[in-house]
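So you can see what is in the structure, the chains are spelled out below.
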Amino acid sequence: MQANVDEETVQWRVLEAFRDVCETRGQAMYPEPDTSIGALGLESLQLVEVIFELESCYQVQVDEEQLAQLESVADVIEMFVDALQRTQQPTASQRGVIA
């Protein structure tokens with residue numbers, strides 16, 4: 001696994017996922033990080049599908065309670081950057097700490 005999270009790559013992938021779902025719905029939207037989730041006109045199931053796709057892509061799980069807090073595409077980007085950073089932190093055994 002890479003040492004640092006490439007936030008630019010995460011941003012690109014999240015934006016692509018939202019563009020794909022908009023395109024599937026027949027919308028020609030090009031969301032940016034500051035685009036609100038509400039402006040995308042997604043139903044809650046469609047947002048969950050985007051999140052699931054990103055979880056599969058990055059092999060991480062995000063806290064489902066955070067989903068209700070998402071207000072913008074930037075929030076989704078930040079949520080995945082945080083999740084990826086958490087997966088890259090060494091565990092106690094990896095740091096040589098004995099429990």
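Before reading on, note that the structure itself is shown above.
A. Structural context of helix H2 (residues 44-58). If you check H2, its first and last C-alpha atoms are 21 Å apart, about what 15 residues at 1.5 Å a residue would give, namely 21 Å. Residues of H2 that are buried include every one of Gln46, Leu47, Val50, Ile51, Leu54, Glu55 and Tyr58, and no others. Elements that come into contact with the buried residues of H2 comprise helix H1 (7-24) and helix H3 (73-88). One or two steps after H2, the chain reaches glutamine 59, where phi turns positive at roughly 55°.

B. Local environment of the environment of glutamine 27. By the element assignment, glutamine 27 lies in the loop between H1 and H2. Placed 13 residues apart in sequence, glutamine 27 and leucine 40 show a C-alpha to C-alpha distance of 9.1 Å. Sequence-distant contacts of glutamine 27, that is, excluding residues within four places in its chain, are made with Cys22 and Leu40. Only 2.7 Å separates the side chain of glutamine 27 from the side chain of arginine 25, close enough to count as a polar contact.

C. Representation of the packing of H1 against H3. Taken N-terminus to C-terminus, the directions of H1 and H3 make an angle of 130°; their axes are 9 Å apart at the nearest point. The orientation of H1 relative to H3 falls into the category oblique. Relative to H3, H1 is oriented so that their crossing is right-handed. Contacts from Glu7, Val10, Gln11, Val14, Leu15 and Phe18 in H1 reach Val73, Val76, Ile77, Phe80, Val81, Leu84 and Gln85 in H3.

D. Molecular detail of the packing of H1 against H2. Where H1 contacts H2, the two axes come as close as 10 Å, and the packing angle between them is 140°. As judged from the angle between their axes, H1 and H2 are oblique. In this structure, the crossing between H1 and H2 has a hand that is right-handed. Residues Thr9, Val10, Arg13, Val14, Ala17, Phe18 and Val21 of H1 pack against Gln46, Leu47, Val50, Glu53, Leu54, Cys57 and Tyr58 of H2. Looking at the contact of H1 with H2 residue by residue, the class counts come to 10 nonpolar, two polar and two charged.

E. How the structure looks around the side chain of threonine 35. Along the chain, threonine 35 falls in the loop between H1 and H2. Residue classification places threonine 35 among the buried positions, given a relative accessible area of 15%. A distance of 2.8 Å separates a polar atom in the side chain of threonine 35 from the backbone nitrogen of glutamate 32. For threonine 35, the contacting residues outside a window of four places in its chain are Leu40, Ser72 and Val73.

What counts, and at which threshold
- Residues numbered from 1 in each chain as written.
- Predicted model: local features only at pLDDT ≥ 70, side-chain atom pairs only at ≥ 80, totals over all residues.
- Heavy atoms only, no water.
- Helix = DSSP H or I, 4+ residues; strand = E, 2+ residues; numbered from the N terminus.
- Expected span 1.5 Å × (residues − 1).
- Buried < 20%, exposed > 50% of the residue type's maximum accessible area, 1.4 Å probe, protein only.
- Contact = heavy atoms within 4.5 Å.
- Polar contact = N/O pair within 3.5 Å; in protein donor to acceptor, adjacent residues only side chain to side chain.
- Axes fitted to C-alpha atoms, helices over the stretch in contact; angles between N-to-C directions.
- Parallel < 35°, antiparallel > 145°, perpendicular 65-115°, else oblique.
- Left-handed = near helix turned anticlockwise from the far one by under 90°.
- Nonpolar A, V, L, I, M, F, W, Y, C, P; charged D, E, K, R; others polar.

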